Amino acid sequence: MRRPKPRPPRLPRTRTGQRRLVQAVMAGCVLALLPATWMHVVTEDRLRTTADVPRTDVAVVFGAGLWAGEPSPYLAHRLDAAAELYREGRVEVVLVTGDNSREDYDEPDAMRAYLTRHGVPDSRVVSDYAGFDTWDSCVRAKKIFGVDEAVLISQGFHIRRAVALCQEAGVASYGVGVDAKHDATWYYGGTREIFAAGKAALDALFEPDPTFLGPREAGVTNALAAER
C-alpha cells in the first residue's frame, strides 16, 4: 500500500489567520535575537584593543583548534596578542584554556609551547586542560584558578560571548578581539555564533557546572609570584 504524499503546509486564507502568522514569525525573530542583544548590551563598554586594554594580571586565551599539532592560524593570532600584551607589561600571566579530551589532541600544551617561543616565560603560562567550551573555561578560571579579573583574547566574532559569559561566571573581564582573515573559517565562526548565543544565554541563566571541576589550583598565584 502506497503512503500518501505529505501535503505542504497551507497558509492561512483569512486576514485574521494571516495576521496571526505574521505576528508569530515576528515574535520568533525577536526571541531569536534576544541572546545576541543581551551579549551586546553587557559587553558594550568591555571591548578594547591590545593598545588600550587596561593593565590586568591575567590574560585568558581560548583554544581554537590545532593543525598537525600546532596552533591553527586563528589560535596563533590569539596567542600573538597575548604575547604582545605580556611583552608590553599589560599582563603578567597567560592562562591558556582548551581541549585535552584525548591523548593525541592537546590544545593547552601546544599553546604553551607557542607562547614560550614568542617570548613568554614558561613560568608565566598556566594551562587549563578542561576548557571544553567557553562557559567551562570561564567557570574554571574563577573556581579552579581563582581568577577575579582578566583580559580575554579571541576573534571578534567570539569575543562578546566570551566576555558576557566570564562576567556571569564572576570574572571581571575586558575583551580583545584580534583581527582575522575573512575566509571560510571566519564566516563559519560568525554563523556559529548566532546559534551559540542561545546556548550562552541558557548558560548564564542556569549556570551549569562545567564538565570537570576539581580542587582549586595555585597555578595562577604561583605564576604571579615568579620573577619576570
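Residues numbered from 1 in each chain as written. Predicted model: local features only at pLDDT ≥ 70, side-chain atom pairs only at ≥ 80, totals over all residues. Heavy atoms only, no water.

Colleague: Whenever I open this one, the environment of A51 confuses me. Can you help?
Modeller: Note on placement: A51 falls in the loop between β1 (47–48) and β2 (58–62). We classify A51 as exposed; its relative accessible area is 56%. For the pair A51 and V176, spaced 125 residues apart in sequence, the C-alpha to C-alpha distance is 9.7 Å. (Helix = DSSP H or I, 4+ residues; strand = E, 2+ residues; numbered from the N terminus. Buried < 20%, exposed > 50% of the residue type's maximum accessible area, 1.4 Å probe, protein only.)

Colleague: Can you help me understand the confidence of the model for the protein chain in this one?
Modeller: Parts of the prediction with low pLDDT should not have their coordinates interpreted in detail. Of the residues in the protein chain, 79% reach a pLDDT of 70 or more, and the chain-wide mean stands at 86. In this model residues 27–31 is a low-confidence stretch, pLDDT under 50, and it forms zero contacts with partners more than four residues away in sequence or in other chains. (pLDDT = per-residue confidence, 0-100. Contact = heavy atoms within 4.5 Å.)

Colleague: Is there a simple way to explain the nonpolar core in this structure?
Modeller: Note that soluble globular proteins tend to have their nonpolar side chains buried in a common cluster. Ranked by internal contacts, the top residues of the largest apolar core, which has 27 residues, are V61, L79, V96, L115, V151 and I153. For this core, the secondary-structure elements that each account for two or more residues are β2, α2 (73–87), β5 (93–97), α3 (107–117), β7 (149–155) and β8 (172–178). The dominant element in this core, judged by the number of residues it contributes, is α2, at eight residues. Those residues within four positions of V61 in sequence are excluded, and the remaining contacts are L75, R78, L79, A82, V94, L95, V96, T97, M111 and I153. Judged by nonpolar contacts, the second largest core, of 25 residues, contains C138, A141, V147 and V171. (Core = buried A, V, L, I, M, F, W, Y, C linked by side-chain atoms within 4.5 Å.)

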